[in-house]
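As a plain string of letters, each chain reads:
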Amino acid sequence: LIVSNDFTPNGDGLNDVFTIKRNGMKEHYIVIFNRWGEMIYEHTAPEINWGGKNFSGAAVSDGTYYYYLRSTRENGDVVENKYFITVIR
């Protein structure tokens, strides 16, 4: 699973969405936290597309965010990882 470590949700049409593609996975579950450890986003889907907004729909600030990703393969195997993503506006 190859995942980008930054994106620029500034509305210019380039790299505006943080995406985790299906890549042979049945489902992805993601939880994103800010620098204070507060959960700001959570989603489950075959593909993840995060536009840099929190639960209330407000744009998050520039900076580095921590996220937990659990991916389930078609055969039921589960892969869990922790990553950082940088938001650049």
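As a reminder, the structure under discussion sits directly above these lines.
Computed from a predicted structure; not experimentally measured.

Calculation rules
Residues numbered from 1 in each chain as written. Predicted model: local features only at pLDDT ≥ 70, side-chain atom pairs only at ≥ 80, totals over all residues. Heavy atoms only, no water. Helix = DSSP H or I, 4+ residues; strand = E, 2+ residues; numbered from the N terminus. Rg over C-alpha atoms; globule rule 2.2 N^0.38 Å. Buried < 20%, exposed > 50% of the residue type's maximum accessible area, 1.4 Å probe, protein only. Contact = heavy atoms within 4.5 Å. Areas by Shrake-Rupley, 256 points an atom, 1.4 Å probe, with all protein chains shown as cover. Lys, Arg positive; Asp, Glu negative; His and termini not counted. Charge placed at Lys NZ, Arg CZ, Asp CG, Glu CD. Salt bridge = Lys/Arg side-chain N within 4 Å of Asp/Glu carboxyl O. Polar contact = N/O pair within 3.5 Å; in protein donor to acceptor, adjacent residues only side chain to side chain. Phe/Tyr/Trp six-rings, centres within 6.5 Å; stacked < 30°, edge-to-face > 60°. Pairing = 2+ DSSP bridges.

(A) Region of the structure containing the overall build of the protein. Helix and strand content of the protein: 0 helices and 7 strands. Along the chain direction, N to C, the helices and strands of the protein fall in the order β-β-β-β-β-β-β. Computed over C-alpha atoms, the radius of gyration of the protein comes to 13 Å, within 12% of the 12 Å expected from 2.2 N^0.38 for 89 residues, which places it in the range of a compact globule. In terms of principal-axis extent, the alpha carbons of the protein reach across some 40 × 30 × 20 Å. For the protein, with 89 residues in total, the buried portion stands at 33%. The contacts of the protein with a sequence gap of at least 6 include a subset with a gap of at least 24, amounting to 47%. Carbon together with sulfur atoms contributes 49% to the accessible area of the protein, which is approximately 5400 Å² in total. Taken as two groups, the 9 positive and 11 negative side-chain charges of the protein have centres that lie 2 Å from each other.

(B) Structural detail: the side chain of Asp-16. Along the chain, Asp-16 falls in the loop between strand E1 (6-7) and strand E2 (18-20). Despite its burial, Asp-16 pairs with no opposite charge, the nearest such side chain being Arg-89 at 7.5 Å. Within the structure, Asp-16 has its side chain in polar contact with the backbone nitrogen of Asp-12 (distance 3.4 Å). Within the structure, Asp-16 has its side chain in polar contact with the backbone nitrogen of Gly-13 (distance 2.7 Å). If near-sequence neighbours (up to four positions away) are discounted, Asp-16 is found in contact with Phe-7, Thr-8, Pro-9, Asn-10, Gly-11 and Gly-51.

(C) Fine view of the packing of aromatic side chains. Across all of its chains, the model carries 9 aromatic pairs by this definition. A centroid spacing of 5.4 Å and a plane angle of 55° characterise the contact between Phe-7 and Trp-50, whose relative ring orientation is tilted. With Phe-7 in strand E1 and Trp-50 in strand E5 (residues 48-50), this residue pair connects regions lying 43 residues apart in the sequence. You'll find Phe-7 and Trp-50 in the same group, each marked buried. Ring geometry for Phe-33 versus Tyr-66: centroids 6.0 Å apart, planes at 40°, classification tilted. Separated by 33 residues along the polypeptide, Phe-33 in strand E3 (residues 25-33) and Tyr-66 in strand E6 (residues 63-73) bring together distant segments of the chain.

(D) Layout of the sheet that holds strand E4 (residues 39-45). What the 5 strands build is an open sheet, ordered E1-E7-E6-E3-E4; its pairing is mixed. At either end of the open sheet lies a strand with only one pairing partner, and these are E1 and E4. With 10 bridges joining them, E6 and strand E7 (residues 78-87) adopt antiparallel strand pairing. The residue of E7 that forms the bridge with Thr-72 is Val-78.

Geometric values such as these leave the question of function open.
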